[in-house]
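The chain contents come next:
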Amino acid sequence: MIRDKKIPTPKYLLDLTPLKKQLSYVKIEEGKVKIGSTTTLYELSRTFLHSDVRFAGFVDVWKKFGTFAIRFSATIGGNLAAATQYSDYITLLLAYDARVKAISANGERTIPVEKLVLDKRVTSLRPDELIKEVEFDAPPESSSSSFIKFDRRELLIAGIVTGAFFLRLDQGKIQDVKVAFDMVKDKRVPARAREVENFLLGKMFSEELVNQAADEILPASMERITDWWTTAEYRLDMSKIALKRGLLKCKTRIEKGVV
Ligand SMILES: Cc1cc2nc3c(=O)[nH]c(=O)nc-3n(C[C@H](O)[C@H](O)[C@H](O)COP(=O)(O)OP(=O)(O)OC[C@H]3O[C@@H](n4cnc5c(N)ncnc54)[C@H](O)[C@@H]3O)c2cc1C
């Protein structure tokens, strides 16, 4: 990136490794899930986030993330701050309405992930700020999530389409639903598909309803692009399939209680 002049040559490099002891953790405190920013994917995989059905989407991301070597070194803070449409944890954490705690010598502030990632490789972090922690409300029972990433291969993929889905049901009724994709409308970074969420919220869950959301509501929330990789039409079709599969996966997980 520096060689190709896509990012300016940095004056200084900051090694966060010495902070690992303080900033690598996953815990639930006062009803909130808190993930320290230097926590690696491997470290995430050793916690309740990979065994409790309410967080099942974390397992899905792990399975499709880069290579094993990358999973041992990539941190959640780095994934968010990289701020691209390929940052899988941005998409997943949007479906949990997550926030980050940013720290600097001047104090701490909370930024919703939605407001952290402004554009491709652009965040709302100030130059003197670090991401200290990611947090989101611990979801109640009868909820689960899923993450879908489509590409031509299974591994080491950027994803033609990625989507993250969160669902909470109460006797079949949709009490909470969140839908995030790698790109929505004219945004070139992950965002929520709110029209889809508003359409589904409060209704009885059924396959027909999900199909209707995917086929009729989703296309109005998305402007998919054509590039050297594939066409906008294909991306939109795959987005519909991701929504259908993702929500049905959440429902099955809630019913069976397993990831
Ligand atoms: C081969 C390969 C495959 C990959 N596959 C995937 C994939 O499948 N899915 C995916 O999402 N990503 C993938 N990535 C991208 C990459 O692994 C992730 O973005 C990774 O999480 C970056 O984390 P890091 O800790 O290495 O951050 P770094 O690369 O060190 O940093 C990334 C950016 O974030 C900033 N930063 C880091 N930590 C913080 C912090 N605490 N506070 C503020 N700013 C910070 C850095 O200054 C830098 O600008 C892949 C990368 C490679 C090389």
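In this text the structure is predicted, and so the values were computed from the model without any measurement. (Residues numbered from 1 in each chain as written. Predicted model: local features only at pLDDT ≥ 70, side-chain atom pairs only at ≥ 80, totals over all residues. Heavy atoms only, no water.)

## Focus on the sheet that holds strand β11 (residues 191-192)
Heads up, the rule is: Two strands form a pair only when DSSP identifies at least two bridges running between them. Starting at the N terminus, helices and strands are each numbered in turn, a helix being any DSSP run of H or I of at least four residues and a strand any DSSP run of E of at least two. When checking whether two residues touch, look at their non-hydrogen atoms; a contact exists if any pair is within 4.5 Å. Lines are fitted to the C-alpha atoms to define the axes, a helix being fitted only along its stretch in contact, and any angle between axes, read from their N-to-C directions, falls within 0 to 180 degrees.
The strand order β8-β9-β10-β11 describes an open sheet built from four strands, whose pairing is antiparallel. Each edge of the open sheet carries a strand with a single partner, namely β8 (143-150) and β11. In this structure, strand β9 (residues 161-170) lies alongside strand β10 (residues 173-181), joined through eight bridges in antiparallel fashion. Each bridged residue has a counterpart across the sheet, and for Asp170 the counterpart in β10 is Lys173. Where helix α10 (residues 232-256) meets the sheet, its contacts fall on β8, β9 and β10, and the angle it forms with β8 comes to roughly 150 degrees.

## Structural notes on the domain arrangement of the protein chain
The test is simple: Residue ranges assigned to each domain were obtained from an automatic or database domain assignment. Two parts placed together each lose some accessible area under a 1.4 Å probe, and adding up what both lose gives the buried area. One speaks of a salt bridge when a side-chain nitrogen belonging to Lys or Arg is within 4 Å of a carboxyl oxygen belonging to Asp or Glu. Polar contacts, as used here, are pairs of N or O atoms within 3.5 Å; protein pairs need one atom able to donate a hydrogen and one able to accept it. Residues neighboring in sequence count only if both atoms are side-chain atoms. In this classification, the charged set is Asp, Glu, Lys and Arg, the nonpolar set is Ala, Val, Leu, Ile, Met, Phe, Trp, Tyr, Cys and Pro, and all remaining amino acids, among them Gly, are polar.
By the assigned domains, the protein chain splits into domain 1 (20-137) and domain 2 (143-256). Relative placement of domain 1 and domain 2: their C-alpha centres are 21 Å apart. In this complex, domain 1 contributes 29 residues to the contact, which on the side of domain 2 involves 32 residues. Roughly 2500 Å² is buried in total at the junction of domain 1 and domain 2, and carbon and sulfur atoms are behind 57% of that figure. Here Lys149 and Asp88 are joined by a salt bridge, their closest N and O atoms 2.6 Å apart. The tally of links between domain 1 and domain 2 comes to ten residue pairs in polar contact (both at pLDDT 80 or more). Broken down by secondary-structure element, the contributors of at least two residues to the side of domain 1 that touches domain 2 are α3 (57-64), α6 (88-94) and β5 (117-119). Taken together, the residues of the side of domain 1 that touches domain 2 sort by class into 13 nonpolar, six polar and ten charged.

## Thoughts on the pattern of salt bridges
Rules: For each residue, the accessible area found with a 1.4 Å probe, counting protein chains only, is set against the maximum for its type, and the residue is called buried under 20%, exposed over 50%, and partly exposed in between.
With the rule as written, the count across this model stands at 24 salt bridges. For the salt bridge of Glu29 with Lys34, the shortest nitrogen-to-oxygen distance reads 3.5 Å. With its nearest N and O atoms 3.2 Å apart, the salt bridge here joins Glu135 to Lys101. One end of the pair, Glu135, is in strand β7 (residues 130-137); the other, Lys101, is in strand β3 (residues 99-104), and 34 residues separate them in sequence. In this pair, the class of Glu135 matches that of Lys101, namely buried.

## Re the packing of aromatic side chains
Geometrically, a pair of aromatic rings is defined through the distance of the ring centres and the angle of the planes. Spelled out, the test is: Centres within 6.5 Å make a pair out of two Phe, Tyr or Trp rings, where for Trp the six-membered ring is used; the pair is then stacked when the planes are under 30 degrees apart, edge-to-face when over 60, and tilted otherwise. When the NZ atom of lysine or the CZ atom of arginine is within 6 Å of a ring's centre and also within 35 degrees of its normal, the charge is said to sit over that ring.
Inspection of the entire model under this criterion finds 14 aromatic pairs. Taking 5.6 Å as the distance between ring centres and 65 degrees as the angle between the ring planes, the aromatic pair formed by Phe48 and Phe55 counts as edge-to-face. The class of Phe55 is buried, set by a relative accessible area of 0%. Consider the rings of Phe58 and Phe136, whose centres lie 6.3 Å apart with planes at 20 degrees: the pair is stacked. Of the two residues, Phe58 is situated in helix α3 and Phe136 in strand β7; the sequence distance between them amounts to 78 residues. Per residue, the accessibility class of Phe58 equals that of Phe136, and both read buried. Three or more aromatic residues joined by ring pairs make a cluster, and in this case those are Phe48, Phe55, Phe58, Phe65, Tyr89, Tyr96, Phe136 and Phe166. We note Arg71 situated over the ring of Trp62; from NZ or CZ to the ring centre the distance is 5.0 Å. Lys203 extends its terminal NZ or CZ atom over the ring of Phe199, reaching a point 4.1 Å from the ring centre.

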